Every structure is written in C-alpha cells, then in structure tokens.
Amino acid sequence: MSFRTNTIREFSQAEQERLAFVALGSNLDSAFGSSQLNVLLASQRVAALSGKPSVLSSLWQTEPVDCPPGSAPFINAIVAFLPPVTMSPLDLLSALQAIELEFGRHRGPLQNAPRPLDLDIIAFGSVVMESTELTLPHPRAHVRQFVLLPLAEIAEDYILPGQTISAASLAQNLPEQGKCITL
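Caption draft 1: Representation of helix α2 (residues 35-48). Its 14 residues give α2 an end-to-end C-alpha distance of 20 Å, which sits within 8% of 20 Å, the value for a rise of 1.5 Å per residue. On its buried side, α2 packs onto β1 (20-26), β2 (55-56), β4 (74-81), α3 (89-102) and β5 (118-124).

Caption draft 2: Representation of the pattern of salt bridges. Enumeration according to the criterion identifies seven salt bridges in this entry. Residues Asp 118 and Arg 105 are paired through a salt bridge, measuring 2.9 Å at the closest nitrogen-oxygen approach. Placement of Asp 118 in strand β5 and of Arg 105 in the loop between α3 and β5 is noted, with a sequence separation of 13 residues between them. Accessibility classification places Asp 118 together with Arg 105 in one group, the buried group. A salt bridge links Arg 115 to Asp 118, with the shortest nitrogen-to-oxygen separation between them at 3.4 Å. Overall, the relative accessible area of 13% leaves Asp 118 in the buried class. Within this structure, Glu 100, Arg 105, Arg 115 and Asp 118 form a network of salt bridges that share partners.

Caption draft 3: Structural context of the packing of aromatic side chains. Within this structure, the stated rule accounts for two aromatic pairs. Aromatic pair Phe 21 and Tyr 158: ring centres 4.5 Å apart, planes at 40°, arrangement tilted. Taken together, the positions of Phe 21 in strand β1 and Tyr 158 in the loop between α4 (145-154) and α5 (167-173) put the pair 137 residues apart, joining distant regions of the chain. Exposure remark for Tyr 158: the relative accessible area of 13% places this residue in the buried category. Over the face of the ring belonging to Phe 32 we find Arg 45, whose NZ or CZ atom lies 5.3 Å from the ring centre.

Conventions used here
Residues numbered from 1 in each chain as written. Predicted model: local features only at pLDDT ≥ 70, side-chain atom pairs only at ≥ 80, totals over all residues. Heavy atoms only, no water. Helix = DSSP H or I, 4+ residues; strand = E, 2+ residues; numbered from the N terminus. Expected span 1.5 Å × (residues − 1). Contact = heavy atoms within 4.5 Å. Salt bridge = Lys/Arg side-chain N within 4 Å of Asp/Glu carboxyl O. Buried < 20%, exposed > 50% of the residue type's maximum accessible area, 1.4 Å probe, protein only. Phe/Tyr/Trp six-rings, centres within 6.5 Å; stacked < 30°, edge-to-face > 60°. Lys NZ or Arg CZ within 6 Å of the ring centre and 35° of its normal.

Honestly, that's just the spatial picture; any functional story needs more than this.
Dropping the structure here:
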C-alpha cells in the first residue's frame, strides 16, 4: 500500500471530510520484531483497508500514560486514510482488532498493560457516536499529546468532531506529558 506525502492536504476537501484517523502504538516486541517495526507494519495493514494512498505521520517515541509502573516507552503514529464507502466505524473497529490479534495483542484484566500493538480509531469522518463497542471521536484524543502531536503533523488544521480548535492548537495548549520525540 502506498503512502502519500506527509500531510492530508493532497486529499480533496470532500475526501478530507471522509478521512478516518487511526492511532497506532506499541511498547512490546512481537513475532514481527520491535515496537518500531510493529507500528510500521501495522500502518501498512491499516492503509491497505482503504485501497487508496494514505498518509502516515512520523514515528514518535512517547512516555507511557496511565500505564503500570516500569512500562517501556511507546512508539506512536497516526494513519489517515479514506475508508471504503461501505465500511462503517464498527467494521473498521473489527478490522483493527483483527490486526492487533495478528500482532499478539491479548486483552487482559490489567488496563493499559504493555502491548505489542494498540490501534484506536481517533475519528471516522464527521461521525459522532457512543456505543458499548466504540465512541467517536476517541474520548481522550483531545487531551493526549501522543495522539495530537502526530495528528497535528499530518493534519495541523484538522478539527476533531466536537472540538472548536485544530489538532495543532489542542497540542500546543496541553501541558507537557513526558518526552515525545519524532524518530
């Protein structure tokens, strides 16, 4: 699957309004390799769901947030892509969970435990929904630097549904949440 340049500006305005944004994170090795490789390989699988060129942010190394003590740093990124018109947010969630399983993700009783792959739908076009399976936009995206910094990199003017300022402005307004550096 091919990636466009590093911003969503090459998408038409109509396409930008339909984009899905998926956050990728890893802080454990998998059968595929390192956390960095997990994120890169998973970004290709996520982009392949579209069948059209997608946008991938830089990889960011970030301090764990709300994780058990001693958790390793995360490698994070954001992929923006055009979901097929027949794909619903719940279809995307199911596809992402299958990719997580492929990389060895097992959900256990310990919340925010280290994991080889974590895929979260940040936004799906302008969809706003809350169900037992999925809340859109992601309920904590607007307060997490490890989401906002890569999102602002590829879509600095993007405004998450329900917000009034851009991803870049949201990121600037947050207090620092630990080290976040591009790789």
